[in-house]
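Coordinate analysis (summary)
Each chain, written out:
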Amino acid sequence: MEKMVFVLRRSDAEATESWCESLRTTVAAQLVDLGVAGVTVYVRDAAVQAALMRMVTLDPPIAAAVTVWVEQSYGPEATAAAEILAEFATAAHGYLVTESVPMRLDDSVPTRTEGFGNLAFLRKPAELTRAEWLSDWQGRHTAVAIETQSTFGYSQNVVVRAITPDAPAIDAIVEEQFPAAALTDPLVWYGARDAAEFQDRVRRMLDSVTRIGADRDLDTVSASRYPVLQPFSTRTYQRTDA
């Protein structure tokens with residue numbers, strides 16, 4: 001099984017509420033009908049428009065992201081998924097990723113996930129080798145991120161390769177889930193009880209992201225998360241003895 005992340009770019013004026021709704025309903029249903037193993041939709045809809053945290057490098061910006069699980073990233077389902085999403089955005093870029101899940105969400109009910117998702121699209125700084133960067137990010141930084149923020153869901157996706165032409169360089173994609181109040185309250189974002197704890201957690205987090213180059217050349221977007229179809233949820237495996 002392979003995971004793909006499709007990044008959909010669209011201007012803020014064009015990423016209307018009806019566009020967001022169509023993506024998570026009509027378009028998501030088209031993806032499911034392909035026979036893919038899993039679909040999750042992130043959209044920057046009305047529920048997250050008040051978000052304080054947003055960093056934009058790409059123009060037009062990222063308005064949505066769709067994760068799709070397939071049996072094979074070179075197979076027909078992957079190709080068809082890319083074609084469907086390309087028709088629905090100003091630009092749609094696909095990436096094959098390897099997924100690590102330090103904090104797993106409960107997706108047993110296919111409705112909007114509580115709170116909101118924060119997606120971060122990382123690029124490796126030139127001064128670090130890929131091995132150094134991955135070790136520091138997935139090793140040391142993971143504990144810092146969990147300890148200093150109020151996240152209750154956390155996935156790290158290392159990009160293996162782009163699967164669509166002209167995809168901008170992205171080395172990793174982070175999926176984090178926060179409580180709803182963190183959308184507009186920095187203290188809730190950092191899970192801080194008072195100003196002193198807030199300042200300490202901000203300092204620790206900023207020091208950590210600076211080490212891995214995530215303080216620059218970064219795109220982030222707050223989004224509503226919809227787990228449309230979860231991988232492995234309807235599969236059964238039977239042992240066959242030789």
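Just so it is clear, the model here is predicted, and its values are computed rather than measured.

Focus: helix H2 (residues 76-86)
When H2 is considered as a whole, its buried residues turn out to be Ala78, Ala80, Ala81, Ala82, Ile84 and Leu85. Turning to H2, the residues buried within the fold contact strand E1 (2-9), helix H1 (17-33), strand E3 (62-70) and strand E4 (91-103).

With respect to the packing of aromatic side chains
Applying the stated criterion to the full structure yields six aromatic pairs. Ring geometry for Phe116 against Phe178: centres 5.7 Å apart, planes inclined by 20°, an arrangement best described as stacked. In this pair, Phe116 is assigned in strand E5 (residues 116-122) and Phe178 in strand E7 (residues 172-178), connecting sequence segments 62 residues apart. Take Phe116 and Phe178: they sit in the same class, and that class is buried. Considering the side-chain rings of Trp133 and Trp137, the 5.5 Å spacing of their centres and the 25° angle between planes classify their relative orientation as stacked. Of this pair, Trp133 and Trp137 are both found in helix H3 (residues 130-148), four residues apart, which corresponds to roughly one turn of the helix. By the burial criterion, Trp133 is buried, and Trp137 matches it. What links up through ring pairs into an aromatic cluster is the set Phe116, Phe178 and Trp189. One residue, Arg161, lies across the ring of Tyr74, its end atom 3.9 Å from the ring centre.

What about the pattern of salt bridges?
For the structure on display, the rule yields 15 salt bridges. One salt bridge in this structure joins Arg216 and Glu127, with 2.6 Å as the shortest N-O distance. Of this pair, Arg216 sits in the loop between helix H5 (195-211) and strand E8 (219-229) while Glu127 sits in the loop between E5 and H3, and the two are 89 residues apart along the sequence. Overall, the relative accessible area of 33% leaves Arg216 in the partly exposed class. For Glu127, a relative accessible area of 55% translates into the label exposed.

Concerning the sheet that holds strand E2 (residues 38-43)
Spatially, the eight strands close up into a barrel ordered E1-E3-E2-E8-E5-E7-E6-E4, and their pairing is antiparallel. Across the sheet, the mean angle separating the axes of adjacent strands is 30° when strand polarity is ignored. Across seven bridges, E4 lies against strand E6 (residues 153-162) in antiparallel orientation. Of the residues in E6, the one forming a bridge with Leu96 is Arg161. Across the sheet, H2 touches E1, E3 and E4, and the angle it forms with E1 is around 15°.

Section: the packing of H3 against H5
Axis separation between H3 and H5 bottoms out at 10 Å; the angle between their running directions is 165°. In terms of orientation, H3 lies roughly antiparallel with respect to H5. For H3 against H5, the interelement crossing comes out left-handed. Along its contact with H3, which presents Asp136, Arg140, His141, Val144, Ala145, Glu147 and Thr148, the element H5 presents Arg201, Arg204, Met205, Ser208, Val209 and Arg211. Its residues assigned to classes, the contact of H3 with H5 shows four nonpolar, three polar and six charged.

Remarks on the confidence of the model for the protein
Atom-level detail of predicted coordinates should not be read off regions where pLDDT is low. Across the protein, the average pLDDT comes to 93, with 95% of residues at or above 70. Within the protein, no element has a lower average pLDDT than H2, which sits at 94, and none a higher one than E7, at 98. Contacts for the low-pLDDT stretch residues 234-242, under 50 throughout, to residues beyond four places or in other chains number four contacts.

Calculation notes
- Residues numbered from 1 in each chain as written.
- Predicted model: local features only at pLDDT ≥ 70, side-chain atom pairs only at ≥ 80, totals over all residues.
- Heavy atoms only, no water.
- Buried < 20%, exposed > 50% of the residue type's maximum accessible area, 1.4 Å probe, protein only.
- Helix = DSSP H or I, 4+ residues; strand = E, 2+ residues; numbered from the N terminus.
- Contact = heavy atoms within 4.5 Å.
- Phe/Tyr/Trp six-rings, centres within 6.5 Å; stacked < 30°, edge-to-face > 60°.
- Lys NZ or Arg CZ within 6 Å of the ring centre and 35° of its normal.
- Salt bridge = Lys/Arg side-chain N within 4 Å of Asp/Glu carboxyl O.
- Pairing = 2+ DSSP bridges.
- Axes fitted to C-alpha atoms, helices over the stretch in contact; angles between N-to-C directions.
- Parallel < 35°, antiparallel > 145°, perpendicular 65-115°, else oblique.
- Left-handed = near helix turned anticlockwise from the far one by under 90°.
- Nonpolar A, V, L, I, M, F, W, Y, C, P; charged D, E, K, R; others polar.
- pLDDT = per-residue confidence, 0-100.

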